[in-house]
Amino acid sequence: MYINIPEPTQTISIKATKVWRISNTIGHTTALLIIGALMICSDRFDWYDWIGIVLYILGGLFIVSSIFSIFIEPIYLQRTWRYQVDEEFVQLKFGKVQQQHILIPMEKVEYVRTEQGPIMRRYDLYDLEIGTTTSSHKIPAIPANVAKSLKADIATFAKIRDKDLKEGELGA
C-alpha cells in the first residue's frame, strides 16, 4: 500500500545565507534602536524603575536573539532545506530538530507564483509559492532561472493556465 517516494535532493541557493543575514540584521537593528531609545527616555524622563529593568532585559534578549538569527539560523536553514518537483508531487523537506517533509500532490495545486524583494533582487533570487485550497507553501531563495523553470513546470504538471499568456506563447 505504501509508495516509495525518493527523498528530495535539490537545495536552495547558497546566497540565501547572505540575504537572510542582511534581512535579519535590518530587523534586529531596528528593534534594538527602538529599545535603546526607550531606555534613554526611561532614564531622562524618570519613568518607573521597573520599566527600565524590563527594557534592559528585552535588550539583552534581543542581542542574544540577533546573534542566533544573524549568524547561526541562516546557515542552518540553507543546509537543511531540500525540495523536489516531479509530475506527481512537490516535496519540501526542512529542519533538523523538528523535521518537516511535505508532499503536495500536483492535482491539489491551484496556483504558483514567484516573489522577489529588494534584497533578493540584488542577489537574483526568488521565493516560489505553491498554493493549494487550504494552504500555501514556499520554497525560499532559489536562483531566478530555476524559479522560472520550476514555476512553468509546476503550472504544466498541475494544468494551471496563465490568463496573461496569449495562445501559442510559453510562460515562465
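Residues numbered from 1 in each chain as written. Predicted model: local features only at pLDDT ≥ 70, side-chain atom pairs only at ≥ 80, totals over all residues. Heavy atoms only, no water.

Chemist: Please provide a residue-by-residue account of a negative patch on the surface, values included.
Modeler: On the surface, Glu87, Glu88, Glu107 and Asp153 cluster together into a patch of negative charge. With respect to the helices, strands and loops of the structure, Asp153 is situated in helix α4 (residues 144-158). The partly exposed category is assigned to Asp153, whose relative accessible area is 36%. (Patch = residues over 30% accessible without salt bridge, like charges linked within 9 Å, V, L, I, M, F, W, Y side chains within 5 Å. Areas by Shrake-Rupley, 256 points an atom, 1.4 Å probe, with all protein chains shown as cover. Salt bridge = Lys/Arg side-chain N within 4 Å of Asp/Glu carboxyl O. Lys, Arg positive; Asp, Glu negative; His and termini not counted. Charge placed at Lys NZ, Arg CZ, Asp CG, Glu CD. Helix = DSSP H or I, 4+ residues; strand = E, 2+ residues; numbered from the N terminus. Buried < 20%, exposed > 50% of the residue type's maximum accessible area, 1.4 Å probe, protein only.)

Chemist: Run through the domain arrangement of the protein chain, naming residues and quoting values.
Modeler: Per the domain assignment, the segments making up the protein chain are domain 1 (14-78) and domain 2 (82-171). Computed from C-alpha coordinates alone, the two centres of domain 1 and domain 2 are separated by 32 Å. Between domain 1 and domain 2, the residue contacts involve ten residues of the former and ten residues of the latter. It is Lys15, Val19 and Tyr76 in domain 1 that bury the most area against domain 2; as a group they hold 56% of the surface buried on that side. Our count for the contact surface shared by domain 1 and domain 2 stands at zero salt bridges. The tally of links from domain 1 across to domain 2 stands at two residue pairs in polar contact (both at pLDDT 80 or more). Mapped by element, the contributors of at least two residues to the side of domain 1 that touches domain 2 are α1 (16-44) and α2 (49-80). A per-class count over the side of domain 1 that touches domain 2 returns six nonpolar, two polar and two charged. (Domains from an automatic or database assignment. Contact = heavy atoms within 4.5 Å. Buried area = accessible area lost by both parts, 1.4 Å probe. Polar contact = N/O pair within 3.5 Å; in protein donor to acceptor, adjacent residues only side chain to side chain. Nonpolar A, V, L, I, M, F, W, Y, C, P; charged D, E, K, R; others polar.)

Chemist: Describe the confidence of the model for the protein chain, listing the residues and the values that go with them.
Modeler: With 92% of its residues at a pLDDT of 70 or more, the protein chain shows a mean pLDDT of 90. The low-confidence segment residues 164-169, where pLDDT is below 50, has two contacts with residues more than four positions distant or belonging to other chains. (pLDDT = per-residue confidence, 0-100.)

Chemist: For the packing of aromatic side chains, give the residues involved together with the corresponding values.
Modeler: Within this structure, the stated rule accounts for one aromatic pair. Centroid distance Trp81 to Phe94: 4.7 Å. Interplanar angle 20°. Geometry classified as stacked. With Trp81 in the loop between α2 and β2 (82-85) and Phe94 in strand β3 (residues 89-94), this residue pair connects regions lying 13 residues apart in the sequence. (Phe/Tyr/Trp six-rings, centres within 6.5 Å; stacked < 30°, edge-to-face > 60°.)

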